[in-house]
There are 2 protein chains.
Amino acid sequence: MKSNHKILFLFILQLIAVNTLFSQNHPNLIMTKEGVENIRNSEDKAPIFEKVLEATKEEVDADIASGIHVPIPKDMAGGYTHERHKKNFFVLQKAGNLYQITGDEKYAVFIRDVFLEYAKMYPTLGLHPTMKSYATGKIFWQCLNDANWLVYCSQAYDAIYDFLTEKERENLEKNLFRPMADFISLENPKFYNRIHNHSTWGNAAVGMMGLAMNDEELIQRALYGLKDDGLDNTMLDNDGGFIKVEGQSKAGFFAQLDFSFSPDGHFTEGPYYLRYAMTPFLLFARSLANNRPDLKIYEYRDGILEKSIYSLLYESDAQGRFFPINDAQKGMSWNSREVVAAVDIAYLDFGNDPMLLSIAEKQGKVTLDEAGFKTASDLAKGLAKPFQHKSIAYSDGAEGKHGGLGILRADNADGEEICVLAKYAAHGMGHGHFDKLSYSLYDEDGEVIQDYGSARWVNIDQKGGGRYLPENHSYAKQSIAHNTLVINETSHYEGEVKAAEAHHPDQYFFDVSNPNVQVVSAKEIYAYPDAKMHRTLVLLKDENFRNPLLIDVFRVESEKENQYDLPTWFQGHLLSANFDYAAQTERLTTLGNGHGYQHLWEEASGKSSGDGNQVTWFTHLNDGGGQVRGKFFTLTTSSIPNDELIFARAGANDPNFNLRHDPTFIQRRKAKSTVFASAVESHGVYNPVSEIPLSPFSGLKSVEVLHDSKEYTVVQITHQTGKTWTLAIANQDASAKSKHKVNFGKEKLEWTGVFELIIDNK
Amino acid sequence: MKSNHKILFLFILQLIAVNTLFSQNHPNLIMTKEGVENIRNSEDKAPIFEKVLEATKEEVDADIASGIHVPIPKDMAGGYTHERHKKNFFVLQKAGNLYQITGDEKYAVFIRDVFLEYAKMYPTLGLHPTMKSYATGKIFWQCLNDANWLVYCSQAYDAIYDFLTEKERENLEKNLFRPMADFISLENPKFYNRIHNHSTWGNAAVGMMGLAMNDEELIQRALYGLKDDGLDNTMLDNDGGFIKVEGQSKAGFFAQLDFSFSPDGHFTEGPYYLRYAMTPFLLFARSLANNRPDLKIYEYRDGILEKSIYSLLYESDAQGRFFPINDAQKGMSWNSREVVAAVDIAYLDFGNDPMLLSIAEKQGKVTLDEAGFKTASDLAKGLAKPFQHKSIAYSDGAEGKHGGLGILRADNADGEEICVLAKYAAHGMGHGHFDKLSYSLYDEDGEVIQDYGSARWVNIDQKGGGRYLPENHSYAKQSIAHNTLVINETSHYEGEVKAAEAHHPDQYFFDVSNPNVQVVSAKEIYAYPDAKMHRTLVLLKDENFRNPLLIDVFRVESEKENQYDLPTWFQGHLLSANFDYAAQTERLTTLGNGHGYQHLWEEASGKSSGDGNQVTWFTHLNDGGGQVRGKFFTLTTSSIPNDELIFARAGANDPNFNLRHDPTFIQRRKAKSTVFASAVESHGVYNPVSEIPLSPFSGLKSVEVLHDSKEYTVVQITHQTGKTWTLAIANQDASAKSKHKVNFGKEKLEWTGVFELIIDNK
């Protein structure tokens, strides 16, 4: 009782403070009175801002001219009512900014009139008729989209707050805004009270509208969540994720900040979802910074919001496309509107980092507010510096103890990048994939060894209404769809989310101190009951290779004989292999019956002599404007006699043509403890106009495992010239100081530290 | 005897004239003394020329610095000796230009020294050890490449002719140039004496070296070929083409000009090969124009060379990529070095067409001679005008009576093009495909409905040494690999070149007088013994469609019941179909056993209710710089009950992974005479960054055949709005003046001329 009294007392104090200091001072969310004055009166040139202003006027004016469209909700994503209501909230937010910047009242009138239509309709609505979501909305098929609406419309409301009569405000707040905020929170705790990007949208929606309405109850609900949500830890969302994580008692915006990110800003669902979640985080945070400086929201958790923005930017390829780990649609990039907003707010509020201006320049867009204006005008002043991707390790889990991501990057002589992403992160909740210790490889142009991403065509109605497709679960999430080891044709954790969520791989070591030999190493010991997996990836820069070389050492320890499959999802067309294989020419069958194998056609297979194998492929790249060029890549692997070498392709058991028909090469071995060592080289280019291939053949002769034991693994890479690189790894001692010695055959190696690369220029 | 004396007399007269007027006046082939003076002394700015000059110096200097490399010939294309000798002739030609332009003797010294090495080696060479060509070369695996060498090296020789001592010239001519010219002509009549692009290279090689050496015997041999070649008309080349066409008695360069082109400049093998053949045509022609103005080579056949350059430019998509008809590698475009040379020579010698300058600007390159200098300096003067593709029909055959190509082009509101290529040309000799009445469809970005091109990876050693692959014959040439009708699973002319060469389709009519309703129509009556085929393609521009709409009416007449297959090789990923189909989910089998069907996996099939069908697909486009966007397309077809609707994919019976795994939709019908009517609409776009689809659904409701008889076919297209377009075609009377009347059901149509399109805005 005592503590409750205390909370109530503090609450009343806060209410008084807030009402005194901040009420009737609109706009005060993303736009501020001062910011608007600054834009209106500045003499700085800001060409991109001007361009966006003109384009936005044109867009909003056209929409105003088309009339008011507030249809009764009916359709799934992609359908008319969904797309129209979505368009409405974007247009209303823009109209609010235009009203503030230009002072033209037609924008305020339009917003008011649209809101009044919504206020008439909203009280008549039951749940959306689709009923396909774990949390069905009213305006949209899912609460998530209703929350989107409220995040954007709170800004529009804020912009015209002073323009409206008190009666109009009362009407809107009573019939529309407050009921909507209550609906997505009180009436949908399983949507609202999670640690999840959906809930962040919910929290921000309730909180931003609370700030706009000066409704302290909503603000508190946004910051701290619902007290009693009645949720249990067996409930699942549409993606198969758990609603409630065991032991998780906090909710609301602060809890999102506490639990959504690792201490260094990594978002467990990955950058595609962080990009989406970033909007409510930043918009609500900026709204709080403007209204509640006492909360010091930007300093919270040692500046977690700023760190998260940089993690978003770093978890992308050289072109700024996000690594498509977990459930992600490919092609999403720095150019998304969410990142435009994040970059502009970060530039304004987090110390004017000039590297951010170069991203803004590539985006060619800014937000129509103070942050965008500042960004555009500083860009025009020539303050931009090139954005530098860098090698970096991100931890995962709220405390940074649930594995992570290791990103290795190195340039070739032309400044073109090779980038390896090692994934040893936590499962990633409902959007996680069973891809422990997987990697993907990128070059300056994009994917070389791909991650499939999700089986989903976002917002494309013809493909399951634009939602996740059945093949997302049955294929895209399964281990075999990733570049990692699959044992006995069974996915990691047998494909069970709950088991996968309970564990995680661990980083063994990460060392990028030598830019020519960058290494990341991680272990996963829970994915299979009887096997421990350990992968080490090296990015080697050496004059003998046109581009940095990837070396991969995948060690598995087991006392049982198992079937090991290590797929390499190369992007391109198979050119040649140095082993005999028999192709399935007259009929194709599936490679297996479950765990994603049922979605693979087995196209060809051969046996290894044990002398190591090479597979060369070719990729076409479109340079835009109709110009095409090609590249040559070679995978060189170690092998033992009778390793099975399989070429397969996705697309089986796909009755609705939902999957891409991508190729893979699978090295299959029956063994107990063993090592798969390999290297991937980007060695050549081709121009179909000159028709001249440059370096179409690999420079590598072989990759061999010289020694393997519980303690040590030694792998040797041999170049056609005879030069060798010998990589020695201490498997059980990651100390930088320990001394190691290993004998094999007539050879002896001694070194200090967890690994050593010995170069022999024969 | 009498006439032989006369020829000898004329020959001696010519020799005297030539020796008097033109000897010792080097350079005189592509470069001229006057042209060189002009470049050296001009005060015009020519930035592209300067850029090429600097880049060429850098390239040639680096090669000079690397030493002289004249290895004993050994390798196939892609291998070291092949690529090195190829590099040599390019570098030597460039060094010659540099010597003339800069006057720096190091270039002359280099050319001399390399030639002297060749002169030492050449007399020791037997045939190239590969022995894989119908006409094996000495320096390369085929005479063709030896001829390439001579065409380029004749220019280098010409450039340093005056620099060399008489003794050096004697050595080179006696041991290298003359023996090489004799080898590729006298000793290889089956290479030299054909009407074929290979022979054009041979003729130019012999003729240009003849001009450089002032060797009249070679010149005459180049212009008029070998008298007695001992060839018969059963011999085949490596591509399965006939060496000697029946009734063909002429040979040499004039014969190539007479028989390689239709009167309007179309090249029967298509633009990919014309681009390749263009170099010897133009280089030898310019050499003749400079040396033998009496031959009036540019005026020959009413200016056939100029016409051929424009046919090359017009037979390309909006981005300047050549239509990949017949044996062509995709991606070849205006940017090739051959087209750079053609555009520059055409600009200099054929009236300074300012549209050519805009192509030169896109190429960003010019030749390092007078033509390139003129082009670059006029470009710098701002004289360029945009190149305008246009709708045009090309006839085929030397007399223009062997069918042809019909190209329809129309723009959307944003100036983006839709282009239909209708192919009703002659077979195209050894490089021809069995694709009578096929079409392909392009938009501003490239292929929408594709032509496969050839099964070949040019110069990529791993794929059959870079030569044509077995699948080129068994798949790429077969009818089912094209967008045309296949009867009873048998290719046109049963896949026999000789039969196909003996006939050709005929243009029925071509009318582009109304830019909103452009039509091409053609018939093929010999491809099948018991069936006559007639296809009409309409490109319709209408405010109801975002992009011009393709309407396709394929009529077949037969008294027998046949199985008709009409494939549509859509580029992209199947999104949806409006009919039920069953996919082969657990195993795939081939669609048939021969004529290309053995290379198709049958992925799914369904039956039509007869109410017409729609198939929607999605294409990803790479805009360069990592940015991607998508487009939506829909094919709407007429159907009759029990039409089988098949989705298939190339890639079966492909033991070496030579084929692309492209998808197709096949409409299969069992009938006697019948009509397949359809429309292809480009209706929507998608941006994976905004994730917003615009117009993902087709605007069309149906395509129906209202009437069909021997005399008339009437097809109706219906929009979702109810608007209809009714197309009436007179099948047996192409006159523009005839009056027609047709009754069907309760309807009656009357019109004048071969076709009428009636629009009803319901």
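Residues numbered from 1 in each chain as written. Chains lettered and ligands numbered in written order. Predicted model: local features only at pLDDT ≥ 70, side-chain atom pairs only at ≥ 80, totals over all residues. Heavy atoms only, no water.

**Comments concerning the overall build of chain A**
Note the following rule: Strands here mean DSSP runs of E at least two residues long; helices mean DSSP runs of H or I at least four residues long; both are numbered from the N terminus. The globule rule is 2.2 Å times the number of residues to the power 0.38, and the radius of gyration it is compared with is taken over C-alpha atoms. Note on classification: 1.4 Å probe, protein chains only; a residue is buried when its accessible area is under 20% of the maximum for its type, exposed when over 50%, partly exposed between these limits. By the convention used here, residues are in contact when the closest approach between their heavy atoms is within 4.5 Å. The charge count treats Lys and Arg as positive and Asp and Glu as negative. His and the chain ends do not count. Charge positions are represented by NZ for Lys, CZ for Arg, CG for Asp and CD for Glu.
Tallying secondary structure elements over chain A gives 18 helices and 27 strands in all. Taking 762 residues into account, the globule formula puts the C-alpha radius of gyration at 27 Å, and chain A, at 28 Å, falls close to it. Dimensions along the principal axes, computed over C-alpha positions, put chain A at roughly 90 × 60 × 55 Å. Within chain A, the fraction of its 762 residues that count as buried is 66%. Within chain A, residue pairs in contact and separated by at least 24 positions form 68% of the contacts whose partners lie at least 6 positions apart. Averaged over its 77 positive side-chain charges, chain A has a centre that lies 2 Å from the centre of its 101 negative ones.

**Details of helix 9 (residues 197-213) of chain B**
Residues and elements named next belong to chain B. Counted only if it meets this: In this analysis, the expected span of each helix is defined as 1.5 Å times one less than the number of residues it contains.
Compared with an ideal rise of 1.5 Å per residue, which puts 17 residues at 24 Å, helix 9 spans 24 Å between its outermost C-alpha atoms and is within 8% of the ideal. The element helix 9 is largely enclosed, with a buried count of 17 among its 17 residues. Positive phi shows up at N214, right after helix 9, with a value of about 60°.

**Some details on the interface of chain A and chain B**
Rules: Simply put, the buried area is the total loss of 1.4 Å probe accessible area from both parts when two parts are fitted together. What counts as a salt bridge is simple: a side-chain nitrogen of Lys or Arg found within 4 Å of a carboxyl oxygen of Asp or Glu. In the analysis that follows, any N or O atom pair within 3.5 Å is treated as a polar contact, provided that within protein one partner can donate a hydrogen and the other can accept it, and provided that, for residues neighboring in sequence, both atoms belong to side chains. Residues are grouped as follows: nonpolar covers Ala, Val, Leu, Ile, Met, Phe, Trp, Tyr, Cys and Pro; charged covers Asp, Glu, Lys and Arg; every other residue, Gly included, is treated as polar.
With 64 residues of chain A at the contact, the number on the chain B side is 64 residues. Of all residues in chain A, Q462, F657 and E691 of chain A bury the most surface against chain B, accounting for 13% of the area lost on that side. At the junction of chain A and chain B, the tally comes to zero salt bridges. Where chain A touches chain B, the interface holds 21 residue pairs in polar contact (both at pLDDT 80 or more). Counting only elements with at least two residues in the side of chain A that touches chain B, the list comes to helix 12 (271-291), strand 12 (573-577), strand 14 (587-590), strand 15 (600-607), strand 16 (613-622) and strand 18 (644-650) of chain A. Considered class by class, the residues forming the side of chain A that touches chain B number 25 nonpolar, 25 polar and 14 charged.

**With respect to the relation of the copies chain A and chain B**
Applicable threshold: To line up the copies, we fit them by least squares on C-alpha atoms, keeping just the residues with pLDDT of at least 70 in both.
Least-squares fitting of chain A to chain B yields an RMSD of 0.1 Å, with the superposition described by an axial translation of 0.1 Å and a rotation of 180°. Seen this way, the second copy is the image of the first under a two-fold rotation axis.

**Quick notes on the pattern of salt bridges**
All told, the structure shown has 90 salt bridges over all chains when counted by the stated rule. A salt bridge links D215 of chain A to R178 of chain A, with the shortest nitrogen-to-oxygen separation between them at 2.6 Å. Of the two residues, D215 of chain A is situated in the loop between helix 9 (197-213) and helix 10 (216-224) and R178 of chain A in helix 7 (residues 166-185); the sequence distance between them amounts to 37 residues. For D215 of chain A, a relative accessible area of 13% gives the class buried. Here K120 of chain B makes a salt bridge to E117 of chain B, at a shortest N to O gap of 3.1 Å. With a gap of three residues between them, K120 of chain B and E117 of chain B both fall in helix 5 (residues 105-121), about one helical turn apart. When its relative accessible area of 58% is taken as the criterion, K120 of chain B is described as exposed. Taking relative accessible area as the criterion, E117 of chain B reaches 31% and is therefore assigned partly exposed. Here the salt bridges do not stand alone but share partners, grouping R178, D182, D215, E217 and R221 of chain A into one network.

**A word on the domain arrangement of chain A**
One widely used convention gives an interface's size as the accessible area the parts lose upon coming together. Residue and element names in this part refer to chain A. Quick reminder of the rule: What marks off one domain from the next here is an automatic or database domain assignment.
Per the domain assignment, the segments making up chain A are domain 1 (68-238) and domain 2 (403-452 + 466-760). Computed from C-alpha atoms alone, the centre-to-centre distance between domain 1 and domain 2 is 46 Å. Between domain 1 and domain 2, the contact holds six residues from the first and four residues from the second. The junction of domain 1 with domain 2 conceals about 470 Å² of combined surface from both sides, 54% of it contributed by carbon and sulfur atoms. The interface formed by domain 1 and domain 2 holds zero salt bridges in total. Counting across the interface, domain 1 meets domain 2 through zero residue pairs in polar contact (both at pLDDT 80 or more). Of the residues assigned to the side of domain 1 that touches domain 2, the class counts are three nonpolar, two polar and one charged.

**Some points on the packing of helix 6 (residues 143-160) of chain A against helix 9 of chain A**
Residues and elements named next belong to chain A. Where we set the bar: A fitted line through C-alpha atoms serves as each axis, taken over the contacting stretch for helices, and the angle formed by two N-to-C directions is quoted from 0 to 180°. If an angle is under 35 degrees, it is roughly parallel; if it is over 145, roughly antiparallel; if it lies from 65 to 115, roughly perpendicular; otherwise it is oblique. Take the far helix as the reference: if the near one is turned anticlockwise from it by less than a right angle, the crossing is left-handed, and if turned clockwise, right-handed.
At a minimum axis separation of 8 Å, helix 6 and helix 9 run at an interaxial angle of 25°. When the axes of helix 6 and helix 9 are compared, the pair comes out roughly parallel. Considering only the axes of helix 6 and helix 9, their crossing is left-handed. In contact with L144, A147, N148, L150, V151, Y152, C153, S154, Q155, Y157 and D158 of helix 6, helix 9 contributes H198, W201, G202, A204, A205, M208, M209, A212 and M213.

**What to know about the side chain of E370 of chain A**
Residues and elements named next belong to chain A. For E370, the location among the structural elements is in helix 16 (residues 370-380). At 3.3 Å, the side chain of E370 and the side chain of R286 are in polar contact. Apart from residues lying up to four places away in sequence, E370 is in contact with T32, G35, I39, R286 and L348.

**Some thoughts on helix 14 (residues 337-349) of chain A**
Residue and element names in this part refer to chain A. Between its terminal C-alpha atoms helix 14 stretches 18 Å, which fits the 18 Å expected from 13 residues at 1.5 Å a residue. Within helix 14, 10 of the 13 residues are buried, which leaves it mostly tucked inside the rest of the structure. Of the surrounding elements, those touching the buried residues of helix 14 are helix 12, helix 13 (300-314), helix 15 (354-363) and helix 16. After helix 14 finishes, the residue G351 shows a positive phi value of roughly 90°.

**Points about the sheet that holds strand 27 (residues 755-760) of chain B**
All names here are of chain B. The following threshold applies: Pairing between two strands is assigned when DSSP locates at least 2 bridges connecting them.
Strand order across the open sheet formed by four strands is 22-23-24-27, with antiparallel pairing between neighbours. Strands at the two margins of the open sheet, each flanked by one partner only, are strand 22 (700-708) and strand 27. Taking the axes of each pair of neighbouring strands and ignoring which way they run, one obtains an average angle of 15° across the sheet. Relative to strand 24 (residues 724-730), strand 23 (residues 712-719) runs antiparallel, the two sharing seven bridges. Each residue of the ladder has a partner; that of Q716, found in strand 24, is T726.

**Focus: the environment of L659 of chain B**
With respect to the secondary-structure elements, L659 of chain B resides in the loop between strand 18 (644-650) and strand 19 (663-671). Separated by 64 residues in the primary sequence, L659 of chain B and K723 of chain B have C-alpha atoms spaced 43 Å apart. Look past the residues within four positions of L659 of chain B in its chain and what remains in contact with it is H573 of chain A together with Y452, A455, E471, Y475, H599, G651, A652 and D654 of chain B.

**Remarks on the packing of aromatic side chains**
Each aromatic ring pair is summarised here by two numbers: the centre-to-centre distance and the angle between the ring planes. All names here are of chain A. Put simply, the test is: In this analysis, rings of Phe, Tyr and Trp, with Trp reduced to its six-membered ring, are considered paired at centre separations within 6.5 Å, and the interplanar angle assigns stacked below 30 degrees, edge-to-face beyond 60, and tilted for intermediate values. Think of it as a cone above the ring: NZ of Lys or CZ of Arg counts as a charge over the ring if it is within 6 Å of the ring centre and within 35 degrees of the ring normal.
Per the stated rule, a full pass over the model turns up 88 aromatic pairs over all chains. On the basis of an interplanar angle of 10° and a centroid distance of 5.5 Å, the ring pair of F509 and F755 is categorised as stacked. Placement of F509 in strand 7 (residues 506-511) and of F755 in strand 27 (residues 755-760) is noted, with a sequence separation of 246 residues between them. For the residue pair F509 and F755, the accessibility class agrees, reading buried in each case. What links up through ring pairs into an aromatic cluster is the set F89, F90, F140, Y152, W201 and Y276. Its end group placed over the ring of Y508, K523 keeps NZ or CZ at 4.2 Å from the ring centre. Against the face of F676 rests R669, its NZ or CZ located 4.2 Å from the ring centre.

**As for unusual backbone geometry**
All names here are of chain A. A cis amide bond links H26 to the next residue, P27, at an omega of -5°. The topology assignment puts P27 in the loop between helix 1 (2-22) and helix 2 (33-41). A positive phi angle is found at N214, which is not glycine, with a value near 55°. Considering the arrangement of structural elements, one finds N214 in the loop between helix 9 and helix 10. Even without being a glycine, N459 presents a positive backbone phi close to 70°. Assessed through its relative accessible area of 8%, N459 is described here as buried.

**Quick notes on the nonpolar core**
Inclusion rule: The definition of a nonpolar core used throughout is a set of buried Ala, Val, Leu, Ile, Met, Phe, Trp, Tyr and Cys residues joined through side-chain atoms within 4.5 Å.
Ranked by size, the top nonpolar core spans 140 residues in total, and within it F115, W149, Y157 and F177 of chain A carry the most contacts. Sorting elements by how many residues they give to this core places helix 12 of chain A first, with 12 residues. If sequence neighbours within four positions are ignored, Y157 of chain A has contacts with F115, L164, R169, L172, E173, F177, M209, A212 and M213 of chain A. Core analysis: the second largest hydrophobic core is formed by 139 residues, V151, A212, M355 and L357 of chain B among them.

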